Amino acid sequence: MINLKDLLSPFFVWQRAFEKPYTSIRPTIDRPGAPAYRGFHINIAETCVGCGSCHEICQNHAIDMVAVEEYLGREGDSGLRPRFDYGRCCWCGLCVDICTAASLRMSNEYAWISDDPTVFHFTAGVDDKPWQDNENGYRRAEGYHLYPPKRIEMEMLPPEESIRSFDEVARGYDEQQAKKEADRCVECGICVATCPAHMDVPDYIHSIRDGDYEKGLQLMYRTNPFPATCGRICTRRCESVCPVGILGEPVAIRWLKRFIVDQVDASDYKRILADTITENGKKIAVIGAGPGGMSAAYYLRKKGYAVTVFETQESAGGMLRYGVPSYRLPDNDLDKDIDYIVSLGVEVKYNTAVGKDIKFEQLLENYDAVFMSTGLWVPSSMRIHGEDHARVLSGLQVLADVANGRDPGIGKKVAVIGGGNVAMDAARVSRRFDAEVTILYRRRISEMPADEEEIHESQEEGCTIVTQAIPVEVLKADSEQQVTIRWGEAEMVDDPRGGRARPVLQEDRMHTDTFDSIISAIGQGSNLDYISKEMHDKLAIEWGKFTPSEYQHTTLEKVFVGGDFANRTADAISAIEDGHHAARGIDRYLNPAAYEEK
Amino acid sequence: MNTVDEILDYAIDQEQQAADFYEDVAQRAETAGMKKILLDFSKEEKRHKKILIDVKAGEHELSPEQEVLDLKISDYLVEVEASDNITYQDALIIAMKKERAAHKLYSDMAANIPESHLKEVLEGLAKEEAKHKLFFESEYDERVLMDN
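These notes cover the structure that comes with them. (Residues numbered from 1 in each chain as written. Chains lettered and ligands numbered in written order. Predicted model: local features only at pLDDT ≥ 70, side-chain atom pairs only at ≥ 80, totals over all residues.)

1. Some thoughts on the overall build of chain A
Then, number 1: Check the secondary structure of chain A and you find 22 helices and 20 strands.
Then, number 2: On C-alpha atoms alone, chain A measures out to a radius of gyration of 32 Å, which is more than a quarter above the 25 Å that the 2.2 N^0.38 rule sets for 598 residues.
Then, number 3: A principal-axis box enclosing the C-alpha atoms of chain A has dimensions of 130 × 70 × 50 Å.
Then, number 4: Pairs at least 24 residues apart make up 72% of the contacts formed inside chain A by residues separated by at least 6 positions. (Helix = DSSP H or I, 4+ residues; strand = E, 2+ residues; numbered from the N terminus. Rg over C-alpha atoms; globule rule 2.2 N^0.38 Å. Contact = placed C-beta atoms within 7 Å.)

So this is what it looks like as structure tokens:
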């Protein structure tokens, strides 16, 4: 027998048809995600540098890095931006946690309905999405980092000790420190583009992690035959674009390079680098055995050319030996780099001046190509009255004297005029001769062209920097062993034409000070007297500098140039790359068949 | 010189002389690079001359109101000679000293006469020369004092 309730229940159910339903027709409206919900991705594309750490860390391979037109070619930017595949993403937020630029975050949006499956691939911050400006959603917690933001400190000699000798000030990493520092690298490769020589930075850093220093050395030599040098004194443009440096301190790329080369003994270089030379019968002349000339010599030799380097000094190295003091770049380390290059059969004629001992035209005649890299050795003059006083010395001369083991004769109270690296070197060298040092620079510290580290260390070592100080006259002092300088304070004034702020002398704020010597280090020019006037015109030299075309070629067929007098960056790594690039150019010029499209 | 026209004629002549001077040094310059620079200076002087000719013809006003920045660089540099192997640094020094001398001439003259149209013109010329001096001094600060 059927229960009466059961019989009548369909009719009771029908009354529900007139009630408000418990379910919603559109369940997605009006239920926002929690404030820290891990919803759809937001990327501030302007801040993002395309390092790809998000792509690397994603466990679901849900992120691809794609090229975005408007960011291509920006300095310190890979030009790529993350593209998300929401078919694969699990919204774990690891990508946000590792983002080196703090540009990636999540909104609290979670509803996205479409019957076109391809829309769920999108480039955050580039493709327009309604949640892009969402204030809510998951952000990386303040102070939470998946990699250590601070770098491993490089141990330096304390200043009171460092000024007592020319011992190397930076002590170097030990293996544990190096590995820890190498671990901070996110392998984005943005540094590679910025390095003038495009060194394989992430790869050689990786070799430290693997403990394979021989591999690291090989990698470095592909682009740079001066790793011991650059591992100490490079201007490290790479570090200025390292994304780890956005929220923390950049990876200590220079110190890691030094670590690798310090692990390998010079006697093992031949075996490890295994440079086999197949002579091609052609001869190249290189003028100048500095970083530009020796780098060209190395890469030309590897291509089988017979190379002769003409050098006026008695040793190779150029500015590296006669400019950079040994507490920054010890002679042994510079020799390590140079000796290997020479060991490949590069002939270096020391104490030989082109223009005097052999004519430039003879080189053009006797060699298949010529590479010039003679640098900027002529100190600029201040052109103020009294500058020819015997106690006014040039910074370059002081540094060269010290490099040659001679006493520079600066006395005990020294004024250094200038704000570049030569001025800092001259100042710190003077401290090592126990002199009291005052640096006079005409602009502000922030405008000093010297390396920040050098400025800081010169102050640590007791140099006094007087900024906005313009020297106007050199006067005789009471004693012949001394010299007096009259200088005035300057006010910085905006340039009406929009250039940088200019220092304007305030004639009512003048000073007179007496020193044992004044070291002038205000700039350098080239000495191209070894080329005749006719050659000058054929080579299109302007303001004493070259502007070579592609592959370091000049307007004269056989002649290539590189280094400080042919580029705007004027540092060792640029000279090294110029030398390498000229080697490529010379090979294309002398061996064009090898480069023809098959 | 008494009338405005006489003053302007003098100034125009000075600009031509300066242009000729630079052309002469350019002919003697040893390198193509320096030749070009000195010829550019000469062109600059001819441009100044044109401005003054326009002022004389009433087609251009000299504006004495604006203060021109004085970088005071030329005041403390030694005299240099226009030798055959003149450097860029030296060429700029010669140029800025010439402009400074011209500026001083006109402003001294203006200081010695009472208020008048003539005084205004002299002050205007002084300001023009100050602008030229600023141009060369800025170049000096930018290029020669680049690392300093």
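Picking up where we left off.
2. Points about the pairing of strand 12 (residues 413-417) of chain A
Residues and elements named next belong to chain A.
Then, number 1: Buried residues dominate strand 12, accounting for four of its five residues.
Then, number 2: For strand 12 and strand 13 (residues 436-440), the ladder comprises five bridges, and the chain directions are parallel. Paired with Val 414 across the strands is Val 437, a residue of strand 13.
Then, number 3: A crossover connection joins strand 12 to the parallel strand 13 through helix 19 (residues 421-432); in handedness this β-α-β unit is right-handed. (Buried ≥ 20, exposed ≤ 12 C-beta atoms within 10 Å, placed from the backbone. Pairing = 2+ DSSP bridges. Right-handed = clockwise from strand over helix to strand, strands pointing away.)

3. Details of the interface of chain B and chain A
Then, number 1: Counting from both sides, the interface comprises 19 residues of chain B and, opposite them, 26 residues of chain A.
Then, number 2: For the side of chain B that touches chain A, the elements supplying multiple residues, two or more each, are helix 2 (32-56), helix 3 (88-111) and helix 4 (117-144) of chain B.
Then, number 3: Residue composition of the side of chain B that touches chain A, grouped by class: nine nonpolar, five polar and five charged. (Nonpolar A, V, L, I, M, F, W, Y, C, P; charged D, E, K, R; others polar.)

4. Re the sheet that holds strand 17 (residues 502-515) of chain A
Residue and element names in this part refer to chain A.
Then, number 1: One open sheet accounts for three strands, arranged 15-16-17; its pairing is antiparallel. Edge positions in the sheet fall to strand 15 (469-476) and strand 17, since each has one partner strand and no second. Neighbour-to-neighbour, the strand axes of this sheet turn through a mean angle of 20°, independent of strand direction.
Then, number 2: Sheet topology note: the strand 15/strand 16 (residues 483-493) ladder contains seven bridges and is antiparallel. Residue pairing in the sheet places Lys 476 in a bridge with Val 483 of strand 16. (Axes fitted to C-alpha atoms, helices over the stretch in contact; angles between N-to-C directions.)

5. Let's talk about the pairing of strand 16 of chain A
Residues and elements named next belong to chain A.
Then, number 1: In textbook terms, the turn of a hairpin is the stretch between consecutive antiparallel strands, and for strand 15 and strand 16 this stretch comprises six residues.
Then, number 2: In this structure, strand 16 lies alongside strand 17, joined through 10 bridges in antiparallel fashion. Bridge pairing in strand 17 places Glu 491 opposite Val 504.

6. Digging into the environment of Ile12(B)
Residues and elements named next belong to chain B.
Then, number 1: You can see Ile 12 is positioned in helix 1 (residues 4-28).
Then, number 2: A residue is classified by how many C-beta atoms lie within 10 Å of it, and Ile 12, with 18 of them, is partly exposed.
Then, number 3: Linking Ile 12 and Lys 46, residues 34 residues apart in sequence, is a C-alpha distance of 9.2 Å.
Then, number 4: Beyond its immediate chain neighbours, meaning those up to four positions away, Ile 12 contacts Lys 49, Leu 52 and Ile 53.

7. Examining unusual backbone geometry
All names here are of chain A.
Then, number 1: The backbone of His 198 sits at a positive phi, close to 50°, despite the residue not being glycine.
Then, number 2: Mapping His 198 onto the fold places it in the loop between helix 6 (190-194) and helix 7 (201-210).
Then, number 3: Its 16 C-beta neighbours within 10 Å are what place His 198 among the partly exposed residues.
Then, number 4: A positive phi is found at Ala 570, a non-glycine position, where the angle reads about 50°.
Then, number 5: Structurally, the position occupied by Ala 570 is in the loop between strand 20 (559-561) and helix 22 (572-590).
Then, number 6: Since 21 C-beta atoms lie within 10 Å of it, Ala 570 is described here as buried.

8. Regarding the environment of Ala594(A)
Residue and element names in this part refer to chain A.
Then, number 1: Along the polypeptide, Ala 594 turns up in the segment after helix 22.
Then, number 2: Residue Ala 594 is classed as exposed on the basis of its 9 C-beta neighbours within 10 Å.
Then, number 3: Along the chain, Ala 594 and Thr 118 lie 476 residues apart, while their C-alpha atoms are 46 Å from each other.

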